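Listed below are the residues making up each chain.
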Amino acid sequence: MKSILDVQNLSVSFAVYGGEVQAVRDVSFDVKEGEAVAIVGESGSGKSVTAQTIMRLIQTPPGKIKKGKVFLDGQDLMSLSEKEMQKVRGNKIGMIFQDPMTSLNPTMTVGKQIMEGLIQHQSLSGAKANERVLELLTLVGIPNPETRINQYPHQFSGGMRQRVMIAIALACTPALLIADEPTTALDVTIQAQILTLMKDLQEKTKTSIILITHDLGIVADICDRVIVMYAGQIVETGTKHEIFSNPQHPYTKGLLKSLPRLDQAKDEPLIPIFGTPPDLIKPPQGCGFCSRCDSAMRICETEIPEQTKISDTQSVRCWLQHPYAKEQGSDAGKEASA
Amino acid sequence: MIRYVLKKFMFMLMSLFFLITATFVLMNAVPGSPLQSEKATSEQIQKNLEAYYGLDKPLIVQYGVYLKNLVQGDLGISMKKKFQAVDKIIGDSFKYSLKLGLVSIVTSVVVGCILGIISAMYHRKFLDNFSMILAVIGLSIPSLVIAPVLQYLLAVKIEAFEVAGLNRPMDYVLPTIALSAASIAFIARLIRSTMIEVLNSDFIKTAKSKGLAGHLIVWRHALRNSMLPVVTFLGFLMANVITGSVVIEKIFAIPGLGKFFVESVSNRDYPLIMGITIFYAVILMISRLLADIAYVLVDPRIRISGGKAGK
Ligand SMILES: Nc1ncnc2c1ncn2[C@@H]1O[C@H](COP(=O)(O)OP(=O)(O)OP(=O)(O)O)[C@@H](O)[C@H]1O
Ligand SMILES: [Mg+2]
């Protein structure tokens, strides 16, 4: 299938006092048409920065796109002017943010906020735009759209506001929807509703989705493929099945172990990943996970592991899975997975 | 909303009553009398005058009479200005103060907002630094310095403007600049700091993610959210400026209210002091009320019900 988005060797850093935070380091991935890809990883691993770089929403300075290309439908977004980029934002890529309580303008009616994108990109007339907004509100499951359209964000609950955000992001039927932790700020029952909505909408509109989260449970729900990020790098990617049933990277394994399971005995403790992620001002010379990894080897400290293909769809950045390690018949890998 | 305004109104009446009482007491506690003058007047004339103005009666009676007249809308007549009614003096002079005041307010808000917005948009760049330097200058040089400098440079040296008076539209330029310099600077700094904060908020990111251009984002999304502190300030500014600046009126020889207020106090012109004080107070209160109402218009989250600003 055709890729809609192709990110190649993207590196982004921020100038801070005393150095440069290398927030994203040499990240490459693609998203196919109609596919839902999850980016998971703990706080500070560079998920949001990756997403906002695709939209070119990071502030420069302090941010800087050091290198890399991002192709959307064959067009390199990193080389576009700000004017040209405005035609992409909201039109070809829609974005949903984490906190629906602060993501809407408190002084503008919800209808107007949804309408803005439509008027900007599709130059619809007032009446037409209004009609489309009502349609969108119905689509995202907001009852009484005729009254709701003229209300202000404070008259909506958190879940409802996130529905409005989804309507804003989908208004111009973009080819790609980026959702940055869309449910983190919501309570659990509402989370489920929003996820169901996103799943339905994806089936209806065939939009590709990048879903950023640190909740692997959500991933299992809607995504086809998973990208695991750690310390600014992609450490593993694979289909949902591969990641859940055959994780290769010690970090991915750790993530899965720290997740509660249905078949787990009640008193069986969850296993956290001990330690803290490395300082990205001085990223480690070798593998970023090295200092927290149980099966780290000498080479892990000095060399960044290359991508190793496990299957057509799965690849991992870990020395344990490197062909050399396999050749040597090292059983370190087996130990780690045990 | 109506209940809120009514409640505010009752509150205003009460404060006004206290104000009147306090002014009346203080005014009479200050030594001197309106009828004192350098010219020697005979005992009898003095007595007659006092009787005419009711000053021979006990204070409490005078107070009662004043209140009674006030309720009937009678502010009395000036004791110094040749039988002119106080309300006429106020009306005549307020005309000038009001016109100049309104021009200054509009200037302050428009120029202040523009400078503040530019500063926020070009945060830490040349334009920002430039307008903030202007703002500091505007804030730190008092109007009684700005005014004569302007007069000297633009009216005496270049002769582009009249030195004083308020007859033609052009005559408003110099006093307006002098009167609004400080508030322009204040508003500019206020807008700048709130807008920088607002521009960093999440909903601005949402607006960007819709593909809106920078100026649209500022105009549609950031400005309104940055206006609240200015609206608050506007209440004070209005009261301050409309009622006339004593200094500016003096320097530019404008027969405004500020001038009469100062004169009335040094003359111990009791009815005029009372009249102007009450007038000032009413203007101040109305301005505050208008600012409150403007608040609701700017921010839909503030819904006023029964005096409490609820969610
Ligand atoms: N404007 C900035 N200035 C300096 N450093 C930044 C800036 N934005 C992000 N970073 C740094 O970049 C790194 C990655 O941040 P990012 O927000 O992408 O993490 P994340 O994976 O989205 O985490 P979370 O799950 O908490 O949202 C962090 O170390 C963060 O401190
Ligand atoms: Mg994030």
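The rules behind these values
- Residues numbered from 1 in each chain as written.
- Chains lettered and ligands numbered in written order.
- Predicted model: local features only at pLDDT ≥ 70, side-chain atom pairs only at ≥ 80, totals over all residues.
- Heavy atoms only, no water.
- Pairing = 2+ DSSP bridges.
- Helix = DSSP H or I, 4+ residues; strand = E, 2+ residues; numbered from the N terminus.
- Axes fitted to C-alpha atoms, helices over the stretch in contact; angles between N-to-C directions.
- Parallel < 35°, antiparallel > 145°, perpendicular 65-115°, else oblique.
- Left-handed = near helix turned anticlockwise from the far one by under 90°.
- Contact = heavy atoms within 4.5 Å.
- Nonpolar A, V, L, I, M, F, W, Y, C, P; charged D, E, K, R; others polar.
- Buried < 20%, exposed > 50% of the residue type's maximum accessible area, 1.4 Å probe, protein only.
- Domains from an automatic or database assignment.
- Salt bridge = Lys/Arg side-chain N within 4 Å of Asp/Glu carboxyl O.
- Polar contact = N/O pair within 3.5 Å; in protein donor to acceptor, adjacent residues only side chain to side chain.
- 1 Å grid on protein atoms, 1.4 Å probe; cavity = no way out; pocket = protein on both sides within 12 Å on 5 of 7 lines; lining within 4 Å.
- Points joined across faces, edges and corners; volume = space filled by probe spheres on them.
- Buried area = accessible area lost by both parts, 1.4 Å probe.
- UniProt positions renumbered as here; feature names shortened; annotations may be inferred.
- Core = buried A, V, L, I, M, F, W, Y, C linked by side-chain atoms within 4.5 Å.

## Some words on the sheet that holds strand S5 (residues 75–76) of chain A
Residues and elements named next belong to chain A. Taken in spatial order, the four strands of this open sheet run S2-S1-S4-S5, and their pairing is antiparallel. Of all strands in the sheet, those with a lone pairing partner are strand S2 (19–32) and S5, marking the two edges. With two bridges connecting them, strand S4 (residues 63–72) and S5 associate as antiparallel partners. Each residue of the ladder has a partner; that of Phe 71, found in S5, is Asp 76.

## Observations regarding the packing of helix H1 (residues 2–29) of chain B against helix H3 (residues 59–71) of chain B
All names here are of chain B. Packing of H1 against H3 leaves a shortest axis separation of 11 Å and a crossing angle of 140°. One way to sum up the angle between H1 and H3 is to call them oblique. The hand of the H1/H3 crossing is right-handed. Of H3, the residues touching H1 (which contributes Phe 17, Ile 20, Thr 21, Phe 24 and Asn 28) are Leu 59, Gln 62, Tyr 63, Tyr 66, Leu 67 and Leu 70. Within the contact of H1 with H3, the residues separate by chemical class into eight nonpolar, three polar and no charged.

## Section: the pairing of strand S10 (residues 233–239) of chain A
Residues and elements named next belong to chain A. Of all seven residues in S10, six are buried, a share of seventy percent or more. In this sheet, S10 lies alongside strand S9 (residues 225–230) in antiparallel orientation, the contact comprising six bridges. Residue Met 229 lies in a different strand from S10, and its bridge partner there is Ile 234. The hairpin turn running from S9 into S10, its antiparallel successor, is two residues long, and Ala 231 in that turn takes a positive phi close to 50°.

## Considering the domain arrangement of chain B
All names here are of chain B. Per the domain assignment, the segments making up chain B are domain 1 (9–71) and domain 2 (87–310). Spacing between the C-alpha centres of domain 1 and domain 2 amounts to 35 Å. In this complex, domain 1 contributes 17 residues to the contact, which on the side of domain 2 involves 13 residues. In this structure, the connection of domain 1 to domain 2 is made through zero salt bridges. Inspection of the domain 1/domain 2 interface yields one residue pair in polar contact (both at pLDDT 80 or more). Elements represented by at least two residues in the side of domain 1 that touches domain 2 include exactly H1 and H3.

## Section: the layout of surface pockets
Counted as a void, the largest pocket has a volume near 1100 Å³. Looking at the largest pocket, it is lined by 28 residues, and the ones nearest its centre are Gln59(A), Thr60(A), Met121(B), Lys125(B) and Lys208(B). Counting residues per element, the lining of the largest pocket draws most heavily on helix H9 (residues 214–226) of chain B, at four residues. Estimated volume of the second largest pocket: approximately 440 Å³.

## Focus on the interface of chain B and chain A
Taken residue by residue, the interface counts 22 residues in chain B and 27 residues in chain A. If you sort the residues of chain B by the area they bury against chain A, Lys205(B), Ser209(B) and Lys210(B) come out on top, with a joint share of 27%. Here chain B is connected to chain A by two salt bridges. Here Arg220(B) makes a salt bridge to Glu116(A), at a shortest N to O gap of 2.7 Å.

## Digging into the UniProt feature "domain: ABC transporter" (unreviewed entry) in chain A
UniProt tags residues 7–256 of chain A as "domain: ABC transporter" (unreviewed entry). The span residues 7–256 of chain A shows a helical share of 39% and a strand share of 28%, and its end C-alpha atoms are spaced 26 Å apart.

## Considering the nonpolar core
Grouped together as the largest cluster of nonpolar side chains are 94 residues, with contacts concentrated most on Leu5(A), Phe29(A), Ile54(A), Leu77(A), Ile114(A) and Ile210(A). Here this core gets eight residues from one element, more than from any other, and that element is helix H6 (residues 158–170) of chain A. Those residues in contact with Leu5(A) that lie beyond four places of it in its chain are Phe29(A), Asp30(A), Val31(A), Ile54(A), Val70(A), Phe71(A), Leu72(A), Leu176(A) and Ile210(A). In terms of nonpolar packing, the next biggest core, distinct from the first, is built from 74 residues, Phe94(B), Ala155(B), Met195(B) and Met285(B) among them.

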